Structures are given as C-alpha cells and as structure tokens.
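# Per-entry structural report
Given next are the chains, with one letter for each unit.
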Amino acid sequence: MPSLHIILTTSFIITLVILISPVFTSILYKSLNRNWHTHHIKTAVKMAFFTSLLPLFLHHHTGTELTITNLHWMNIMTFDINTSFKLDHLSITFVPIALYVTWAILEFASWYMKSDPNINQFFKFLLIFLIAMVTLVTANNMFQLFIGWEGVGIMSFLLIGWWWARADANTAALQAVLYKGVGDVGLIFTLGWMATNLNSWEMQQMYITAKSLDMNAPLIGLILAATGKSAQFGLHPWLPSAMEGPTPVSALLHSSTMVVAGIFLLVRLSPLMQDNPFALTTCLILGALTTLFTTICALTQNDIKKIIAFSTSSQSGLMMVTIGLNQPYLAFLHICTHAFFKAMLFLCSGVIIHALNNEQDIRKMGGLLYLIPTTTSCLTIGSLALMGTPFLAGFFSKDAIIEALNNSYLNAWALALTLLATSLTAAYSLRMIFFVNMNFPRFPALSPINENIKSITNPLKRLAWGTILAGDLMTCAVLPPKPPMLSMPPYIKLTALVITILGLTIALELALFTNKQRPYMPKQYFYFSTMLGYYPTIMHRFFPYTFLKLSQTIGTMTIDQTWLEKTGPKTITSLNLSLATTTSNIQKGMMKTFLSLFFTTLMIIILLNYY
Amino acid sequence: MNPYLLIVLLTSLGLGTALTLSSTHWLLAWLGLEVGTLAILPLMAQRHHPRATEAATKYFIVQATAAATLLFAAFNNAWLQGHSDIQHMSHPLFTSMITLALLLKLGLAPMHTWMPQVIQGVSLNTGLIVSTWQKIAPFILLLQIKQIHPPLLTIIGLASILIGGWGGLNQTQLRKILAYSSIAHLGWILLILQHSTALATYALLIYIFMTSATFITLKKCKATTINMLTTTWTKAPTITLVAPLMLLSLGGLPPLSGFAPKWFILQELTQLNFIPHASIAAMAALLSLSYYLRLSYSITLSLSPNNLPECLQWRVNYPISTPLSSALPAALALTLFLLPLTPSALTLII
C-alpha cells in the first residue's frame, strides 16, 4: 500500500492528540462537573486505544515500522535534539496494550475512587502519567526518553502520595523518588557519555557508532537506571512501600507500566548491549538475585497488595534475567503479557479491599469464592497466568524464558535461582488464593460485599480476556527476531512446568496444616522473609545516619567549631584572659617578688655573659 | 604640706636629675639618682596612711637596690678599666649589670612588679612625678652606655610591652592601669634604644606629655577607679569630650601624636629587618589599646542607667582648680596635635 506510512503516522498522531486533549480542556474550563473524569478521560483513553489498534494491525499485517521526526528543537553545533517518535515493533505493540490496560483501570477507578472529592485531579494525574509513559516508549532519542522517564517518576511520586495526610504515604512517595533518583544518576551519566562519545542522542546513530567502542561505562549507567526504576535488588524497597497509593495507581504504575520502564530502556538499547558480556552478565546475576530475593520476601507477606507488589518485583527480575540472556524480545513479550495479568490481580485486590471495608490483611479474608465469584475467578486466572499455566498469557513468555535459560551456556547459578523463584512463585500465589478464596470467612459479618456493578466486572472481564488470549495472539502474530531453540530433551522442555507443579503441590500440602495443630515451629526461620531480608532495616537507617553525622561534623565541628572557637575569636579571648589574670596575679604586694626577679635576671645575665 | 618643705623637696628632685644629666663620672651619676630618690620619699609618704607608707618603703628599697648594684658594677668596671667614664664602658658583664640596674629603676619587665604597687599607693600628683620625671635620669644614663648586649634590650622591651598589655586588662584602679601603661611605653622606648637614640628620646618625650595629661585629667575628675570616671560628665563636660582622644593617643592611634613614636619605631625596626620584633610589638599594642578604650568608654561613651531629668548636668560652677590644672591645656595640646610636627620635632632631637 503506497500510503501506508501516512496512515500509520496519522493514526499515531491522532492517538496522541486524543490522549492530550483532556489535559488542555481541564485547564481551559474552570469548573469540572462530577462526571468529567468518566466522560472525558476514560472515553479519551478508550478512543485512543481503538485508534492505536490501527497501527498495530497494519504493523502485524505488513511489518511496517517507521520513525516520525517532527521538530528540530535545539542544537549545539553538530549535536541535534529533535522530537522524534519511533514506531517500531516494540512501541506499536506496547502502546495499545498500555492503553487497553489503562482503559480497564480507569473504568475500575471510577468506582474505586467514587467517594474521593478530588477524583478529577486523580484521573488527570493518571492521564498525564500515561502520556509520559507513551513518550518514553515511543522516544527515538534519549532526550525524549529522559523526558518521559522523569515524567513517570514525578507522577509516581504524586500518585503514591495521593492520600498525603497519611505520614506513611508521604514517606513512601519520598522513598520512591530517592531510590529512582539513584537510578537516574546512572541514566544521566549514560546520557552524558553518549553525548560526548557518540555525538548523538538518536537511537539509530547510537546503534551504529557504538559498534567499535568500549561500552562498559554507559551500559553500567543504564543498568543502574533500570535497577532504580524497575526495583531490582539494591534499589528495590520503594516498590512494596509504593503500595501506600490507591489501588488503581498500584495497578497502573507499579505493575504494568512504570516498573517495566527500566526493562524497556534496556530492551530499546539492546543493540548496544548484545556484544558486551560484562553488561549481560551483570543483568543476569542482578535479575536472578532480585527474582529469588523478592519471591522469598513475598512468601510471608500478609498484606494482599504487598504480595502482588513483590510478585511484580520478582517478574521484573525475571525480565532482567532475560535481558542478561541476550533475549530482549522475550523480555518485551513478558512485559506485555505481564501487564494484563498483573493489572487484573491488582484490580481484583482492589475489589476485595473495598468489599471487606478496607481490609487488606489476607488472614482476615476467606471464603470469598462464594461471595464475589467473578472477582475471585479473575484472581485465580491471574495467579495461574503468573505461575505460567500452559496456554494462558504468562505461559508463552515465561516458558520461553525458562527454555532459553536452560538452553544457554551461561551462569548455572542464575539458572538455579530463577528456577527456585519460579517454584516459589507458585507457592505464594497459592497461599494468596488459599487465604482469600477458600475455607470459611474470617471477616466481620456486615461487610459491604457487592460486585454487581458494571464498572467492576467489565474491566475485569476485559483484562481476563486479555490474560487468556494475549500470549497466543502475540506469539502467533510476529516471528521472534532471534530463532529460539526448538529441539531439546523432554526434561528440559518440561522443567518450568514440573517446577511449578512441585511448588504448587508442596504449598497445597502445607495449606492442609492450617487447621490442624502442629508442633510449633520457631519463628526464627521466618525472620529473613518477614523482615524483607533486613535490607530496609539496614539501609534506611545506616545511610541517613552516616550522612547526617558527617554533615554535622563538617558543618558545625570542622568549620564552625574549629575556625570560630578553637583557632579564632574564642581562643584568643580565653588565651588573653588567662594571660592577663596570670600577669596581674603576680602582684601579691610582696617585696620578695621584685627583688627575687631582679636577682634572678641578674644571675641569668651574668651566667649568659660567660658564653 | 608645709610650703617650705615642698619647695626644698621639689628643688632637690630637680637637682638630682640635673646632676645625673650633667655627669660623666659614674659616682656623680649615682649621686644624682640617690638625691632624686631621697627627695621624693617624703612626697610619697606625706599622707601617712599605710598604703602610702608601704609604697614609699617599697620604692626606696627598689631604688636603693638598683643604685647599689649600679655603684658596685661601676666600681668594678673602674678597677678593671682604669677610668669611670660613663660613655666609655667596655666590660660586658658590668655593662649588663648596670643596664639591669637601670631597668629596675625604670620598672621594666621582669622587674616591674613594684611599679603598680607604688603608683597605686601614692596620690595622683606624686604618681605623676614618679611616672614621668623619675624616668628621665635612668633613661639618659641608658642612652650613654654603649655596647649593651642587643638581645637583652630586645627581649626585655618586648616582654615589657606584652606584660604592660596583659597586666592592665585585669585592673579597675586607674593608677595601676597607668602604671602598666608606663611599663608598656618604656618597653617601646627600650626596643628602639639601641638602634636610634633620637627616636627613643622622642618617644619618651611624647610619653611624658601623654602621661602628664592623663594624670592631670584624673586629678581634675578626682577619679581613682573606673567607676568614679563615670561621673565625669557632670563635673567637667569638656574633659569628657577630650578624654577619649587623649586615651587613644596613649594607645597610639593616628592622627593623634601618640601615633608618631610607634610609627617611627616600627619603621625603624622594619628597615633594620627586625620583622618579628615589629610584629609582636604592634600586636601587643592592641592589648594596651583595649584598656584605654575601656577607660574612654566609661568616661564618654556610656551613661549609667538613669532617668531623663538626671541627664542634665547637675554640678554647676564647680570650682575645679588644682595646682597643676594650668598645665592641662598645654599637656593636652601636646598630646593631641603633635603628629604633623613630627619631622621638625625629630630634627630638634637629632
């Protein structure tokens, strides 16, 4: 088709315009009626989704990818900064998925946040976040990507601290900003390195000119950025703390879109990484460590949102492992499928929380299978997809990753950790389902349980369809760029499945113990998991204390005390005072004093005379 | 005091110094010094209270010790050398002994401890004489002795300046403050003595003018402690106006005449490359300046807490006329305005 590129370009621009327009109307119109959020924003996202399907289908049909460069923004001699959008496979696939998930979440949020007086502002924040995310994903140069990066960071801060009167929410928002800031240092370092060494921030130019250079330094910067944004081990505590925000925020930001921004950055810049074994090994080990560590932490959590948060962190570690395996396409596939079921899990948890009158502790839930069947069915579907049940969405990406891991000649330790984490994923998912759905209710009798509302069931159903079908659709539509290993022994092929079933079985067996008296097991074994590996305890106390103490030492003691008290004015004062007192205290009125001084001086002079 | 007695004593005082100034033989010099000492003793003890008696006794013992040492060293030198000329002494040991004796007479560190006690014990007029007139004779003798060990004079000079500074900081009695100030000024004089006698003489002269002005001012105010200075504004407002300038001249601030000796001494020392001496002397002058500032603060710059009606001058037509009060304008003028005349003054002395 000769005008394919025009259609693609135009539909993408229309998508963007549809997304941006509610922001402008909210500025122009002073008073917004109560239903503005539903009428404008949710509708805008829905329309944008349908509009973005057009580029998706065109891309799947013809394989078209294009880059739109609009505006020559600024230049410093030969260094140009433009606004350009790259619509390649990654962004064309991701944008509709993000819009679909956001549409479901916004519809859910119109019920969840109904009693909030600032609901219009909430939706506007979510929309601005979405725009920033789209900017990040479609960026063709690092500058635009950085704009999107910082945009999602700021919106995450605002949205986590939505209930800002709550002290925990404020500290959680601050924690998010600080940890991501550490990652941003890496990103800015990489930006600087690329500006000075590669002379461009455009992706195409970077891919070509980086072939011959030693890319260790910028890649470490990128990995640091991904560690901060995607909550890898070392900069991970902000993600469980971010559950202080409302459930739609957790669903959108901290499950589907924002935590994958770091991984997306690495996927986007994977041509730079594919020849650098150091960076790849770093990713591999970091990801394996993250996935196992957070899975262990998730095993003993009692807050339903925290379980899902840790599972997000664990899946993001898995994505990092995939990048370390030099399989960016599989990581991207996992990003897309993960978005569906994780958002659905969060939405289900939101329904449960509201239904039980803001109860988030799974030890106080139970038997909800009979009371809110749609929600719990979706919870089960989401958990099964998370575990990698065959032919649900998670299977296509997760199983492919485990196969690639098993067939590679890389680090066996990373492999072992990842397999262990996979089985433990099944365990904590089962624990969550067991406590929430099964057995008898443990909550007070008069709970406002109601799911007969269209705003709840429609998003859940849409996301459930997505969870079931997305993996299949995506795998069938596009051939993977790297050919996967197709022949392997059966035990390798079935590893993921066997491990998952093993974890599931053991967890089921353990679940039978809950209503029987067993000898009491000492809690010492659980402390590592319940204290989140002691990481927040150590890090959040040690570093602030050290820096504050150091600054106090430098500021008050080294500068003020030293210069003003010990060497400056106060010393002179005290010194002179003591000398003055000594001098005037010699006079006691005795003649002995001056006579003896005279004779002593005389003797000294006489003695000195003979030398 | 009986006026006949007063005339005899004052004449003897003048005679003693004149004898010393005009002598070339050590015996005559010693004689002049002794006459001066004996003449001032009744002046010091004229009040007959224990403080004055004690001051007189101490003064006599100090001066006698110094004179005895002087005589002993002079005779030894005469025996070894064959003559008793003041200006041709060559034996280093006895030169040093004589120097030390003269420094004890002048009241320089480390032999200064008698000065504050003596000057505190006597009245302000007698203190004036002790501080100014009695310094002339030993100073002239010091000028004439050649070949004094240079470090001796330097160390004693610097020590005097420092001790004069530190000692005065802790005092509230005005006479003691002036004693320490005299120690400090004599330290300055001693510092430059071996390098330029003209400057030393000029410094002594300016010191005499300044100290005289101060003593006479204090006599007029009848103040002997700092607290008594605070009512000066009621008794003599003109003095209240001028006193800070006078005290700052003692401290050595331009454009007052007390600045000239310090300035030239520092210049001379610097030209001769005695930088550490000059630095220490200059910084130690700040110590003295601090207590002069305290005095000027009490006189002029502060008012004790009182209410509005008391701010008026409440002693009117107070006849303040002491014998020395006619000398005050002259002394004050010399204290304040002599700086522009320094070059011609120096040529007079050289």
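In short, a report on the structure. (Residues numbered from 1 in each chain as written. Chains lettered and ligands numbered in written order. Predicted model: local features only at pLDDT ≥ 70, side-chain atom pairs only at ≥ 80, totals over all residues. Heavy atoms only, no water.)

## Some thoughts on the overall build of chain A
Looking only at helices and strands, one finds 25 helices and two strands in chain A. For chain A, the proportion of its 611 residues judged to be buried stands at 55%. Long-range contacts, defined here as pairs at least 24 residues apart, represent 81% of the contacts in chain A between residues at least 6 apart. Total accessible area on chain A stands at roughly 27300 Å², and carbon and sulfur atoms take up 70% of it. (Helix = DSSP H or I, 4+ residues; strand = E, 2+ residues; numbered from the N terminus. Buried < 20%, exposed > 50% of the residue type's maximum accessible area, 1.4 Å probe, protein only. Contact = heavy atoms within 4.5 Å. Areas by Shrake-Rupley, 256 points an atom, 1.4 Å probe, with all protein chains shown as cover.)

## Re the pattern of salt bridges
All names here are of chain A. Throughout the structure, instances matching the rule amount to seven salt bridges over all chains. Linking arginine 268 and aspartate 88 is a salt bridge whose minimum nitrogen-to-oxygen distance equals 2.9 Å. In this pair, arginine 268 is assigned in helix H11 (residues 259-268) and aspartate 88 in the loop between strand S2 (79-87) and helix H3 (89-112), connecting sequence segments 180 residues apart. The pair arginine 268 / aspartate 88 is uniform in exposure class, with both members buried. Ionic pairing is found between glutamate 403 and lysine 493, a salt bridge with its closest N-O pair at 2.6 Å. Here lysine 493 lies in helix H20 (residues 490-493) and glutamate 403 lies in helix H17 (residues 393-406), a separation of 90 residues in the sequence. A single network of salt bridges, built from pairs that share partners, joins Arg166, Asp168 and Glu244. (Salt bridge = Lys/Arg side-chain N within 4 Å of Asp/Glu carboxyl O.)

## A closer look at the layout of surface pockets
Residue and element names in this part refer to chain A. Within this model, the largest pocket holds a volume of roughly 1200 Å³. Lining the largest pocket are 30 residues, with Arg431, Leu510, Phe513, Thr514 and Phe526 positioned closest to its centre. It is helix H18 (residues 412-437) that contributes the most residues to the lining of the largest pocket, eight residues altogether. Among the residues forming the lining of the largest pocket, the class breakdown is 18 nonpolar, seven polar and five charged. (1 Å grid on protein atoms, 1.4 Å probe; cavity = no way out; pocket = protein on both sides within 12 Å on 5 of 7 lines; lining within 4 Å. Points joined across faces, edges and corners; volume = space filled by probe spheres on them. Nonpolar A, V, L, I, M, F, W, Y, C, P; charged D, E, K, R; others polar.)

## Examining the side chain of threonine 217 of chain B
All names here are of chain B. Looking at the secondary structure, you find threonine 217 in helix H9 (residues 197-221). Look at threonine 217 and you get buried, because its relative accessible area is 5%. The residues contacting threonine 217, other than those within four sequence positions of it, are Ile239, Met246 and Leu328.

## Thoughts on the packing of aromatic side chains
To describe a pair of aromatic rings, one takes the distance between the centres and the angle between the planes. Residue and element names in this part refer to chain A. All chains considered together, the criterion is met by 33 aromatic pairs over all chains. Ring centres of phenylalanine 49 and phenylalanine 50 lie 5.2 Å apart, and the angle between their planes is 50°; this geometry places the pair in the tilted category. Phenylalanine 49 sits in the buried class, given a relative accessible area of 9%. Considering the side-chain rings of phenylalanine 542 and phenylalanine 543, the 5.1 Å spacing of their centres and the 65° angle between planes classify their relative orientation as edge-to-face. Exposure remark for phenylalanine 542: the relative accessible area of 46% places this residue in the partly exposed category. Under the relative-accessibility criterion, phenylalanine 543 is labelled partly exposed at 37%. (Phe/Tyr/Trp six-rings, centres within 6.5 Å; stacked < 30°, edge-to-face > 60°.)

## Focus: the pairing of S2 of chain A
All names here are of chain A. Of all nine residues that make up S2, eight are buried, and the element is covered over most of its length. Across nine bridges, the pairing between strand S1 (residues 66-76) and S2 is antiparallel. By the bridge assignment for S2, threonine 67 is matched with lysine 86. Hairpin remark: S1 followed by S2, antiparallel, with two residues in the connecting loop; positive phi at methionine 77, about 50°. (Pairing = 2+ DSSP bridges.)

## Digging into the interface of chain B and chain A
Listed as interface residues are 28 residues of chain B and, on the opposing side, 23 residues of chain A. Overall, the association of chain B and chain A removes approximately 2300 Å² of surface from exposure, summing both partners, and the carbon and sulfur fraction of that is 74%. Interface area lost by chain B to chain A is led by Leu93, Thr113 and Trp166 of chain B, which between them contribute 25%. At the junction of chain B and chain A, the tally comes to zero salt bridges. Of all the secondary structure elements, the ones that give two or more residues to the side of chain B that touches chain A are helix H3 (50-81), helix H4 (92-106), helix H5 (114-121) and helix H7 (150-169) of chain B. (Buried area = accessible area lost by both parts, 1.4 Å probe.)

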